[in-house]
Amino acid sequence: SINVAKVVTYIRKHKLNPIYVYAYKKTSALCHVAFFLEARPELFSATRTQSSDRTMDLGLAEDHFSRPMGSLVASDIEQLKMAIEECKKLILELPEHSERQKDTVVKLIHLRLKLQELKDPEDDEPNLRVLLEHRFSKEKSKSVKQTCDKCSAIIWGLIQTWYTCTGCYYRCHSKCMNLITKPCVRSKVSHQSEYELSICPEIGLDRQDYRCAECRTPISLRGVPTEARQCDYTGQYYCSTCHWNDTAIVPARVIHNWEFESRKVCRSSMRYLALMIPRPVLKLKEINPLLFNFVEELVEIRKLRQDILLMKPYFITCKEAMEARLLLQLQDRQHFVENDDMYSLQDLIDISSGRLSCSLTEIHTTFAKHIKLDCERCQAKGFVCELCKEGDILFPFDSHTSVCHDCSAVFHRDCYYDNSTTCPRCARMTERKQDDFPDVKDA
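Residues numbered from 1 in each chain as written. Predicted model: local features only at pLDDT ≥ 70, side-chain atom pairs only at ≥ 80, totals over all residues. Heavy atoms only, no water.

The name given to the protein in an unreviewed UniProt entry is Differentially expressed in FDCP 8 homolog, with the source organism recorded as Sander lucioperca. Under the Sequence similarities (unreviewed entry) heading, UniProt states for the protein: "Belongs to the DEF8 family." One UniProt comment on the protein, placed under Function (unreviewed entry), says "Positively regulates lysosome peripheral distribution and ruffled border formation in osteoclasts. Involved in bone resorption." (UniProt positions renumbered as here; feature names shortened; annotations may be inferred.)

Rendered as structure tokens:
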């Protein structure tokens, strides 16, 4: 067997930089480690001496695809496989930790790299492929931290071609492309922007015919032939290929229980929830109006949103506000300037953590400062209480005011409640209509 620590020591001794470990495979007959190596250029200069550098180049001097001891030349896949097997046997036969054994390990690395290149050619792969509404784009990243969503194997970016869907971020090897059966989740988001609002709606394995809800692979709770894993979002059971024990916040638990603990969900649910999280599709006052009675933060956010909607007419008619682009401070939550009752799952998460309250209060203060202090045009659009005719200029978003629902006139809250008569502005408007249309008055 090959001692991993000693191989690493050898690499450092000869000034070779390992980029990362490619494989570590242990069997009863063989234990080997393969490294991608980056050779320093100065080690291959014309002035290097035979004593300081051994024959351990990386494709710069000799044919690495010949048998280490012999005349076998590997030119195709079958010959490469034969050469790899010969290398394995030779590694076991050579004295442990000997120079020849270490050289043979490096040759084995190159044989495996060449075999992978022949199996997964990169030059002929298109940059963009469309399949089942996925728009796959070829990746150029050499990261090794990605996993193929089809075969669940690691994607070795340095030697393998792989693609990512620009819509749902589904990742897979090039060789797995034709095996994909899952349509793009973004298409579902576009056509059906709504959540499952029942908490873990389980139907049972028997209703699924003891098969994965997605790929129809046979599954069971005993793990034979494949372990059944439940998705907390859909309530259905999936195989280990379709359910990787990923976790996500489940909307139904948030809306009904105000619970933000992450639960295990299948891969397709995880992608769907990730794409849906910023979409304002939750109308809380219809789904669970009692939630406002128990969550004070929701009441606070609703009041801030209502005030912002009252400020919006000032900004869209104010030249200075348009030039300052004040409303763009809410560009990440566009629905806040359109209505006050629709929420996204991200909104609820931020409300629970306190982040939304802080940021929205700051924006509210900035908006109010512009209208009441900085801009004379906006100040001129204020109101004077017609009931008491005293006090400062009033605005509909002030906390101590009340607004007439018919004409939008603004009064002191105490005055409007104390004088439970008709709004003076509404009365004037009614009189004008009667003067303009006397026939209507006589009728």
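Once you've had a look at it, read on.
Draft legend 1. Representation of the overall build of the protein in the model. Secondary structure assignment for the protein yields 16 helices and 16 strands. Excluding contacts between residues fewer than 6 apart, the proportion of contacts in the protein whose partners are at least 24 apart in sequence is 56%. As displayed, the protein has an accessible area near 25,300 Å², and 49% of this comes from carbon and sulfur atoms. (Helix = DSSP H or I, 4+ residues; strand = E, 2+ residues; numbered from the N terminus. Contact = heavy atoms within 4.5 Å. Areas by Shrake-Rupley, 256 points an atom, 1.4 Å probe, with all protein chains shown as cover.)

Draft legend 2. Inspection of the sheet that holds strand β3 (residues 128-131) at higher detail. An order of β3-β4-β7-β8 is seen for the four strands of this open sheet, with the pairing classed as antiparallel. Each having just a single partner strand, β3 and β8 (171-173) make up the two edges of the open sheet. Each strand of the sheet is rotated relative to its neighbour by a mean of 30°, with strand direction disregarded. As paired strands, β3 and strand β4 (residues 134-138) are joined by four bridges and run antiparallel to one another. Bridge assignment links Leu131 to a residue of β4, and that residue is His134. (Pairing = 2+ DSSP bridges. Axes fitted to C-alpha atoms, helices over the stretch in contact; angles between N-to-C directions.)

Draft legend 3. Expanded view of the state of the cysteines. Summed over all chains, the structure comprises zero disulfides. Between Cys212, a free cysteine, and Cys215, which holds the nearest cysteine sulfur, the sulfur-to-sulfur gap is 3.7 Å. The exposure class of Cys212 is buried, given its relative accessible area of 0%. Of all cysteine sulfurs, the one in Cys385 lies closest to Cys388, which takes part in no disulfide; the gap is 3.6 Å. (Disulfide = S-S within 2.5 Å. Buried < 20%, exposed > 50% of the residue type's maximum accessible area, 1.4 Å probe, protein only.)

Draft legend 4. The packing of aromatic side chains, seen in detail. Here the structure, examined in full by the defined rule, presents seven aromatic pairs. Summarising the aromatic geometry, the rings of Phe136 and Tyr170 are spaced 6.3 Å apart at their centres and angled 70° between planes, so their arrangement reads as edge-to-face. Here Tyr170 lies in the loop between β7 (162-165) and β8 and Phe136 lies in strand β4, a separation of 34 residues in the sequence. Comparing Phe136 with Tyr170, the two get one shared label, buried. (Phe/Tyr/Trp six-rings, centres within 6.5 Å; stacked < 30°, edge-to-face > 60°.)

Draft legend 5. Inspection of the confidence of the model for the protein at higher detail. For the protein, the mean per-residue pLDDT works out to 78, and 77% of the residues sit at or above 70. The lowest-confidence element of the protein is strand β2 (residues 31-39), averaging 38 in pLDDT; the highest-confidence one is strand β12 (residues 262-265), averaging 96. Contacts of residues 17-75 to residues separated by more than four positions or lying in other chains number 117 contacts, the stretch itself having pLDDT below 50. (pLDDT = per-residue confidence, 0-100.)

Draft legend 6. Just the nonpolar core, in detail. Counting residues in hydrophobic clusters, the biggest one holds 72 residues, and the most contacted among them are Leu284, Leu298 and Leu348. Looking at this core element by element, the count peaks at seven residues for helix α9 (residues 296-316). Leave out the neighbours within four places in its chain, and Leu298 touches Trp258, Leu284, Leu291, Phe292, Tyr343, Leu348 and Ile351. Judged by nonpolar contacts, the second largest core, of ten residues, contains Cys385, Cys404, Val410 and Phe411. (Core = buried A, V, L, I, M, F, W, Y, C linked by side-chain atoms within 4.5 Å.)

Draft legend 7. Up close: the pattern of salt bridges. A full pass over the atoms with the stated rule returns 22 salt bridges. Between Glu227 and Arg229 there is a salt bridge, with the nearest N and O atoms lying 3.3 Å from each other. Residue Arg229 is classed as buried on the basis of its relative accessible area of 17%. Overlapping salt bridges, with partners in common, bring together Asp232, Arg253, Glu259, Glu261 and Arg263 in one network. (Salt bridge = Lys/Arg side-chain N within 4 Å of Asp/Glu carboxyl O.)

Draft legend 8. How the structure looks around helix α12 (residues 355-374). Over its 20 residues, α12 runs 27 Å from end to end, which matches the ideal 28 Å to within 8%, given 1.5 Å per residue. Of all the residues in α12, the buried ones are Leu356, Ser357, Leu360, Ile363, His364, Phe367, Ala368, His370 and Ile371. (Expected span 1.5 Å × (residues − 1).)

Draft legend 9. Structural context of the pairing of β4. Residues His134, Phe136 and Lys138 of β4 are buried on one face, while the alternating residues Arg135 and Ser137, pointing to the opposite face, are not. In sequence, β3 turns back onto β4 through a hairpin of two residues, with Leu132 there showing a positive phi of about 50°. One ladder, built from three bridges, connects β4 with β7; its direction is antiparallel. Bridging from a neighbouring strand, Ser137 pairs with Thr164 of β7.

Draft legend 10. Spotlight on unusual backbone geometry. Even without being glycine, Cys200 reaches a positive phi, approximately 40°. Tracing the backbone through its elements, the reader meets Cys200 in the loop between α4 (185-191) and β9 (229-230). Relative accessible area serves as the criterion here: at 18%, Cys200 is assigned to the buried category.

Draft legend 11. Inspection of the packing of α9 against α12 at higher detail. As a packed pair, α9 and α12 sit with axes 10 Å apart at the nearest point and diverge in direction by 30°. Here α9 is positioned roughly parallel relative to α12, judged by the angle of their axes. Once α9 is placed against α12, the crossing between them reads as left-handed. Taking contact as the criterion, the partners of Glu300, Ile301, Leu304, Arg305, Asp307, Ile308, Met311, Tyr314 and Phe315 in α9 are, on α12, Leu356, Ser357, Leu360, Thr361, His364, Phe367, Ala368, His370 and Ile371. The residue makeup of the contact of α9 with α12, split by class, is eleven nonpolar, four polar and three charged. (Parallel < 35°, antiparallel > 145°, perpendicular 65-115°, else oblique. Left-handed = near helix turned anticlockwise from the far one by under 90°. Nonpolar A, V, L, I, M, F, W, Y, C, P; charged D, E, K, R; others polar.)

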